[in-house]
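Fold and geometry: a report
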Amino acid sequence: MDMTAGMGAAGAGLHAAPASHGASLALDQVSRVYPNGTHAVRALSVSVPAGRILSLLGPSGSGKTTTLKMIAGFDRPDSGSITLAGRDISRTPPHARNIGMVFQNYALFPHMTVFDNVAFPLRMRGWARRDIESAVQQALALVHLEAVAARLPRQLSGGQQQRVALARAIVFRPKLLLMDEPLGALDRQLRKSVQSELKRLQRQLDLTIVYVTHDQEEAMFLSDEIAIVQGGRIVQCGPPAVLYDAPGSHFVAGFLGESNFLGGTVAEAAQGQMLVTLPGGRQLQGRPSEPMSAGHAVSVLIRPEKLQVHAASGGSLPGANLLLGRIDLVNFLGGAIEYEIDLNGARLTARVYLRGAATAFAIGDPVVLHMAPEDCLVFPAP
Amino acid sequence: MMEAALAGGTARPNPSLASRPGVGLLALPLLILLAAIYVCPVGALLADSFTDPVAGLQQYRRLIDHPVYLEVLARTFRLALVVTVATAASGFPLAYYLTIARPAVARIAIGLLFVPFWASTVVRTYALMVILGRTGVLNGALLWAGIISRPAQFLFHTATVQVAMVQILLPFFVLPAYGALRTIDGSLLQAAEGLGAPPWQVFRRIYLPLSLPGLFAGALIVFVFCFGFFITPTLLGGRRDVTIAMLIMAQFEGQLDWGFGAALSTLLLACTLAGVLAMLRLVGKFVG
């Protein structure tokens with residue numbers, strides 16, 4: 001109750017000093033078993049500091065949407081607790097949680113104008129008419145939609161609808177903003193601009209956001225932290241750069257970013273280093289993700305941009321970690337060229353960024369690939 | 001082709017088939033049947049009201065000169081309105097329940113809704129007489145339980161007619177209403193709740209407004225049925241429960257006054273059409 005009154009007073013405007021209003025969120029050992037016996041979420045724990053963006057990234061059916069629904073209150077955890085701003089909200093009904101949510105299909109009320117849609121959460125909180133008027137105008141201004149306030153949702157484009165949904169979800173200054181694949185229905189170019197816009201808004205309004213997506217690029221672009229979800233569990237959580245450079249498992253490595261994997265067996269294992277024998281007999285030095293002994297079947301991860309491509313006839317090359325191959329396909333990407341390289345049956349993709357007059361290879365050219373040992377991450381074979 | 005595809009984007013399964021020349025002929029058998037057994041006879045009847053026994057407006061003058069006819073019309077209208085509202089009020093929760101019930105349960109419930117159609121309205125109305133009569137099941141039960149000491153008179157009340165009509169017409173409301181309620185997107189209700197609306201407000205601000213087109217569709221069907229209802233008021237109603245349909249029947253069967261019967265029929269038709277148009281306008285207002 002006191003919360004509602006406070007919100008009313010603060011409703012003077014979003015342009016007021018952006019007092020920190022995003023709150024911290026913590027999920028502790030949250031589980032959800034559906035009546036049919038499916039374990040949708042298993043003992044999931046994760047926390048988001050106030051004013052940060054956390055992405056739940058995972059394949060469909062991994063439990064990320066169920067997790068979001070439990071945070072919003074549309075589904076109840078069977079065990080565990082959900083804490084928002086230090087208060088356990090697991091048993092609070094959704095309408096009393098003060099959480100904004102943007103749905104995948106936007107869920108705009110079709111019988112209300114854009115203005116009424118955005119005003120809805122304020123009316124539910126009993127704001128005064130004048131305050132509602134100005135708060136809605138400001139929220140629409142934030143998403144550049146002042147001009148369409150009188151229209152119905154069906155008269156808007158998909159991108160505009162998406163922005164109305166966003167304005168509606170933040171106009172009441174929620175403690176937390178949940179977004180369920182909100183950009184899934186937009187085309188690629190529009191998505192890019194909305195992502196930047198969202199980041200700007202998040203900073204400006206100091207929002208705490210939990211963002212559900214299966215698009216890894218989107219997750220890396222937006223997030224302070226990414227939690228990779230698989231089978232109802234978080235398999236790894238951390239800043240995008242950490243997850244990209246030091247994935248904890250084969251699954252995470254394959255899911256986040258583009259990757260090459262080479263199969264092999266451990267030849268020698270030392271502290272923080274490992275020598276792997278590839279099927280052709282060649283050996284590769286790498287960095288083990290976990291201790292493994294000789295003879296163990298492994299999979300070596302090399303990111304495409306970490307592969308250096310040299311002409312086979314070239315002069316001085318570093319001694320170790322060289323592989324011979326042949327260019328199989330050349331894909332021009334604008335700022336970079338992608339080579340698909342045949343390596344005695346194995347295939348690698350190398351991405352070479354074009355700076356000045358870089359040597360371009362043609363299909364059929366023999367090449368030497370070089371990769372630094374620290375860029376070769378060795379996982380147990382999946 | 002392109003235009004047909006765009007126009008039929010959501011509804012038509014195969015736009016190219018729909019645009020094929022002559023496809024409209026498929027409707028021809030029904031049109032012929034309708035013309036033969038509906039349009040022509042009704043047209044002839046309307047014509048009768050101006051020509052039988054002699055050409056002129058005398059039948060309509062008679063309608064206006066004797067207030068009893070317009071009174072019956074007003075009473076019929078009131079009956080139709082009460083029954084329609086009561087049917088909608090009792091059918092809405094049921095239709096809603098069907099949308100949230102487990103699919104297997106919903107299927108069984110919808111099957112049960114069709115059970116009454118196995119018996120005709122006449123049979124069902126007589127069955128109600130058996131239940132409600134002086135020596136009927138209801139009186140028997142109440143006497144046995146000691147709630148009443150003498151058989152009560154349940155038949156021949158306006159309220160009895162209304163209850164019976166609601167019972168008979170309920171499926172006609174529930175089925176179209178259910179069809180419409182099913183299309184309401186559940187995420188809208190969640191969105192409203194998440195935005196701070198307690199359940200009552202979710203219903204009032206979101207669910208109810210979005211339900212109205214479906215409710216009106218069902219109500220329209222019930223209203224049209226009610227306005228021409230004949231059997232149930234005749235059998236269950238008292239002397240005050242005369243409807244316009246009963247008057248028409250009397251003209252054709254008892255008085256053999258086809259001209260006046262035709263005039264009353266025309267009046268009924270006109271009033272029904274007016275009612276339908278009024279309701280459609282209401283729906284349009286809400287749907288926007």
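Residues numbered from 1 in each chain as written. Chains lettered and ligands numbered in written order. Predicted model: local features only at pLDDT ≥ 70, side-chain atom pairs only at ≥ 80, totals over all residues. Heavy atoms only, no water.

**Details of the interface of chain A and chain B**
On the side of chain B, 20 residues touch chain A, which itself brings 22 residues to the contact. Considering only the side of chain A, the residues that lose the most area to chain B are His95(A), His111(A) and Met124(A), jointly responsible for 32% of the buried surface there. Run the count over chain A and chain B and you get zero salt bridges. For the pair chain A and chain B, the number of links is five residue pairs in polar contact (both at pLDDT 80 or more). Elements with a contribution of two residues or more to the side of chain A that touches chain B: helix H3 (114-124) and helix H5 (158-170) of chain A. At four residues, the largest contribution of residues to the side of chain A that touches chain B is made by H3(A). Of the residues that constitute the side of chain A that touches chain B, the class distribution is 14 nonpolar, three polar and five charged. (Contact = heavy atoms within 4.5 Å. Buried area = accessible area lost by both parts, 1.4 Å probe. Salt bridge = Lys/Arg side-chain N within 4 Å of Asp/Glu carboxyl O. Polar contact = N/O pair within 3.5 Å; in protein donor to acceptor, adjacent residues only side chain to side chain. Helix = DSSP H or I, 4+ residues; strand = E, 2+ residues; numbered from the N terminus. Nonpolar A, V, L, I, M, F, W, Y, C, P; charged D, E, K, R; others polar.)

**A short note on the pairing of strand E12 (residues 273-277) of chain A**
All names here are of chain A. Looking at chain direction, strand E11 (residues 260-270) and E12 are connected through five bridges and run antiparallel. In the strand pairing of E12, Thr265 is matched with Thr277. What sits between the antiparallel neighbours E11 and E12 is a turn of two residues, in which Gly272 has the positive phi angle 70 degrees. Relative to strand E13 (residues 283-288), E12 is paired through four bridges, and the arrangement is antiparallel. Within E13, the position partnered with Thr277 by the bridge is Gln283. Once E12 ends, the chain turns through five residues before running back antiparallel as E13, passing Gly281 with a positive phi of about 105 degrees. (Pairing = 2+ DSSP bridges.)

**As for the sheet that holds strand E16 (residues 322-332) of chain A**
Residues and elements named next belong to chain A. Here we have five strands laid out as an open sheet, ordered E15-E19-E16-E17-E18, and antiparallel in their pairing. In this open sheet, the two strands that pair with only one neighbour each are strand E15 (308-311) and strand E18 (346-353). Here the average twist between neighbouring strands, direction ignored, is 45 degrees. Pairing of E16 with strand E17 (residues 336-343) involves six bridges; the strand directions are antiparallel. Note on E17: the bridge partner recorded for Leu329 is Glu340. (Axes fitted to C-alpha atoms, helices over the stretch in contact; angles between N-to-C directions.)

**A few points about helix H6 (residues 188-205) of chain A**
All names here are of chain A. Look at H6: 26 Å from first C-alpha to last across 18 residues, which is about the 26 Å you get at 1.5 Å a residue. Every buried residue belonging to H6 is among Val194, Gln195, Leu198, Leu201, Gln202 and Leu205, and all of these are buried. Viewed end-on, H6 has its buried residues packed into an arc of 135 degrees, placing them on one side of the element. Exposed and facing more than 90 degrees away from the buried side of H6 are Gln189 and Arg203. On its buried side, H6 packs onto strand E3 (53-57), helix H4 (129-142), H5, strand E7 (176-180), strand E8 (209-213) and helix H7 (216-222). With its phi angle positive at about 55 degrees, Asp206 sits one or two positions after the end of H6. (Expected span 1.5 Å × (residues − 1). Buried < 20%, exposed > 50% of the residue type's maximum accessible area, 1.4 Å probe, protein only. Arc of directions from axis to C-beta.)

**What to know about the sheet that holds strand E1 (residues 25-33) of chain A**
Residue and element names in this part refer to chain A. If you walk across this open sheet you meet the four strands as E2-E1-E4-E5, and the pairing is antiparallel. On the outer flanks of this sheet lie strand E2 (39-48) and strand E5 (87-88), each paired with one strand and no other. Where E1 lies against E2, six bridges are found, and the strand directions are antiparallel. In the sheet register, Ala26 faces E2, and the bridge partner there is Ser47. The strands touched by helix H2 (residues 64-72) within the sheet are E1, E2 and strand E4 (79-84), with E1 carrying the most contacts at an inclination of about 115 degrees.

**Things to note about the packing of aromatic side chains**
All chains considered together, the criterion is met by 17 aromatic pairs over all chains. Seen in terms of ring centroids, Tyr339(A) and Phe361(A) are 5.6 Å apart; in terms of plane orientation they differ by 75 degrees. Their pairing is edge-to-face. Placement of the pair is Tyr339(A) in strand E17 and Phe361(A) in the loop between E18 and strand E19 (366-370), with a sequence separation of 22 residues. Owing to a relative accessible area of 12%, Phe361(A) belongs among the buried residues under this scheme. Residue placement shows Arg303(A) over the ring face of Tyr244(A); its charged tip is 4.0 Å from the ring centre. Sitting above the plane of the Phe260(B) ring, Arg62(B) keeps its charged end 3.8 Å from the centroid. (Phe/Tyr/Trp six-rings, centres within 6.5 Å; stacked < 30°, edge-to-face > 60°. Lys NZ or Arg CZ within 6 Å of the ring centre and 35° of its normal.)

**So, the pairing of E4(A)**
All names here are of chain A. As paired elements, E1 and E4 share five bridges and run antiparallel to each other. When the bridges of E4 are listed, Ala26 appears paired with Thr83. Here two bridges tie E4 to E5, and the two strands are oriented antiparallel to one another. The partner of Thr83 across the bridge, within E5, is Asp88. Hairpin connection of E4 to E5: two residues between the antiparallel strands, including Ala85 at a positive phi of 50 degrees.

**Some points on the packing of helix H5 (residues 67-100) of chain B against helix H6 (residues 103-114) of chain B**
Residue and element names in this part refer to chain B. Running from N to C, H5 and H6 point in directions that differ by 145 degrees, and their axes come no closer than 8 Å. Here the hand of the crossing between H5 and H6 comes out left-handed. Touching Leu94, Tyr97 and Leu98 of H5 are Val105, Ala106, Ala109, Ile110 and Leu113, all from H6. (Left-handed = near helix turned anticlockwise from the far one by under 90°.)

**Side note on unusual backbone geometry**
Its identity as a non-glycine residue notwithstanding, Ala107(A) has a phi of 50 degrees, on the positive side. Tracing the sequence through the fold places Ala107(A) in the loop between strand E6 (99-102) and H3. Using a relative accessible area of 2% as the deciding quantity, one classes Ala107(A) as buried. Even without being glycine, Leu256(B) reaches a positive phi, approximately 55 degrees. Here Leu256(B) shows up in the loop between helix H13 (244-255) and helix H14 (258-287).

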